[in-house]
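The residues making up each chain are set out below.
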Amino acid sequence: MPPPRPQPRCLADFFSYETTKSVVVKSWVVGVVNRVVQLLILSYFIGWVFLHEKAYQVRDTVIESSVVTKVKGIGKYGNRVLDTADYVTPPQGTSVFVVVTKQILTENQKQGVCPESEAAYRCASNRDCQGKGRTTGSGVLTGRCVPYNVTLRTCEIRGWCPPEVDTVDVPVMLEAENFTLFIKNSVRFPLFGFEKANLPPQVSAGELQRCRFHPERQPLCPILRLGDVARFAGQDFASLAATGGVLGIKIGWVCDLDRAWELCLPRYSFTRLDSVTQHSPSSPGYNFRHARYYRGHNGTELRTLTKAFGIRFDVLVYGNAGKFGIVPTLINTVAAFTSIGVGTVLCDIILLNFLKGAEHYKARKFEEVPEASVPPATTSPTGCAPGALGDQSREKQSTDSGTFSLGL
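Residues numbered from 1 in each chain as written. Predicted model: local features only at pLDDT ≥ 70, side-chain atom pairs only at ≥ 80, totals over all residues. Heavy atoms only, no water.

Chemist: So what exactly am I meant to see when it comes to the overall build of the protein here?
Modeler: Counting its secondary structure elements, the protein contains ten helices and 18 strands. Looking at the protein as a whole, 34% of its 408 residues are labelled buried. Contacts spanning at least 24 positions in sequence make up 68% of the contacts within the protein whose residues lie at least 6 apart. (Helix = DSSP H or I, 4+ residues; strand = E, 2+ residues; numbered from the N terminus. Buried < 20%, exposed > 50% of the residue type's maximum accessible area, 1.4 Å probe, protein only. Contact = heavy atoms within 4.5 Å.)

Chemist: What's the story with the nonpolar core in this structure? I'm lost.
Modeler: Grouped together as the largest cluster of nonpolar side chains are 49 residues, with contacts concentrated most on Y87, V99, F179, I183, L247, F270 and F313. Among the elements that make up this core, the one with the highest residue count is strand β16 (residues 301-324) (six residues). In contact with V99, not counting residues within four places along its chain, are Y87, A176, F179, L226, G310, I311 and F313. Core analysis: the second largest hydrophobic core is formed by nine residues, C114, C123, C129 and I157 among them. (Core = buried A, V, L, I, M, F, W, Y, C linked by side-chain atoms within 4.5 Å.)

Chemist: Just checking my understanding: could you explain helix α2 (residues 28-52) for this structure?
Modeler: The periodicity of an α-helix, 3.6 residues per turn, causes residues three or four positions apart to be oriented the same way. A rise of 1.5 Å per residue sets the reference length of α2, with its 25 residues, at 36 Å; its end C-alpha atoms lie 33 Å apart and thus fit the reference within 8%. Listed as buried for α2 are V30, N34, V37, Q38, I41, F45, V49 and F50. On its buried face, α2 is in contact with α8 (326-339) and α9 (341-353). Looking one or two places after α2, you find K54, whose phi comes out positive at around 50°. (Expected span 1.5 Å × (residues − 1).)

Chemist: How do you make sense of the packing of α2 against α9 when you look at a structure like this?
Modeler: A pair of packed helices is characterised by two quantities: the angle between their axes and the separation of those axes. The N-to-C vectors of α2 and α9 enclose an angle of 155°; their axes lie 9 Å apart at closest approach. For the element pair α2 / α9, the angle class is roughly antiparallel. Once α2 is placed against α9, the crossing between them reads as right-handed. Across the interface between the two elements, V30, V33, N34, V37 and I41 of α2 pack against V342, G343, T344, L346, C347, I350 and L351 of α9. Along the lines of polarity and charge, the residues of the contact of α2 with α9 split into nine nonpolar, three polar and no charged. (Axes fitted to C-alpha atoms, helices over the stretch in contact; angles between N-to-C directions. Parallel < 35°, antiparallel > 145°, perpendicular 65-115°, else oblique. Left-handed = near helix turned anticlockwise from the far one by under 90°. Nonpolar A, V, L, I, M, F, W, Y, C, P; charged D, E, K, R; others polar.)

Chemist: Is there a simple way to think about the pairing of strand β7 (residues 96-115) in this case?
Modeler: Put simply, side chains in a regular strand alternate between the two faces of the sheet. Bridge count for strand β6 (residues 88-89) against β7 is two bridges, and the pairing is antiparallel. Its bridge partner lying in β7, V88 is registered against V99. Between β6 and β7, which pair antiparallel and follow one another directly, the connecting turn spans six residues, one of which, G93, has a positive phi of 75°. Summarising the sheet, β7 and β16 pair through eleven bridges and their orientation is antiparallel. Considered in β16, the bridge of Q109 is made with R303. With six bridges connecting them, β7 and strand β9 (residues 153-161) associate as antiparallel partners. In the sheet register, V113 faces β9, and the bridge partner there is R158. (Pairing = 2+ DSSP bridges.)

Next comes the structure, spelled out in structure tokens:
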């Protein structure tokens, strides 16, 4: 029987296997550093990544939310008694609304000509009014200088007359501090089809009406006292009611859906949203104007202009939900074991650069092989270089540092 044909050496090299050479260093310093780094990396992934951040979960950050609000309370303003329809705007019960605490009324305005009330438009003759802009805050200039009262003359305007005077001192409705706000919030996480409301479970209607929110005693009560909202936001209610302002009521839903449905609970927090401009000399606080129109006895169109100061409440809902997923679990597990290799890199830096006998360690770890001289190439009948055939056993050193390969 003829002997087996020898295989080309290039084919044998292709199917060979190379493995790294390990060097065991008996050093307490390097060994302790290596184990400490590995322990820190494992502690980080187990404690922070998996337990705290719950990286093993699939997270849904798209939260669908609905907010309905209702304010209750009776207040006195001047010689009038005001209810919710008088001081809350808009009346639809949306997530953004205003509780009016101070009003400057300009009643029985009608279209016509009259003297401007602003001090910037005082004049002595028509020439003083013609050199100014075309419009004012109340109307369009006619170019005439007319008497405002017995001693004062101002430029004449065409518009709603008489013009507003917003420098008068008016009272503040401080009873609003005891008004209550009821917030009904429903949320849904579409990725998991999970729905929840902020109403406390297993609470009767009577108990719900009697409860008042407190971050420690009653953190789930959806009825809040307006004075408490201002206090939780770090504001003085009397000052806020006088100048107006914007308060934010934030409802956070951060839910772990691997736990029971009842454990997904809202968390309330409070802040002032216009704190940057509250000390502005040009426009502090919050105010707006609105008008109510009606007809006089002779059919003339009249209106009552109101400059309202109040507290605007913005109910902001945010959150995310997480549930166990095999894909993020595998990804973070692989990342944890891969990161352990950082300890090897750090130990190599210490071993080869800072310890006594570093040159000795380098000589053990790395092997320098000079480049072999290549004889002139000749073609063998098998298509490989001479010496590629043969059945004797030989040991070959690889060009990769620290590796050996055995070939036949």
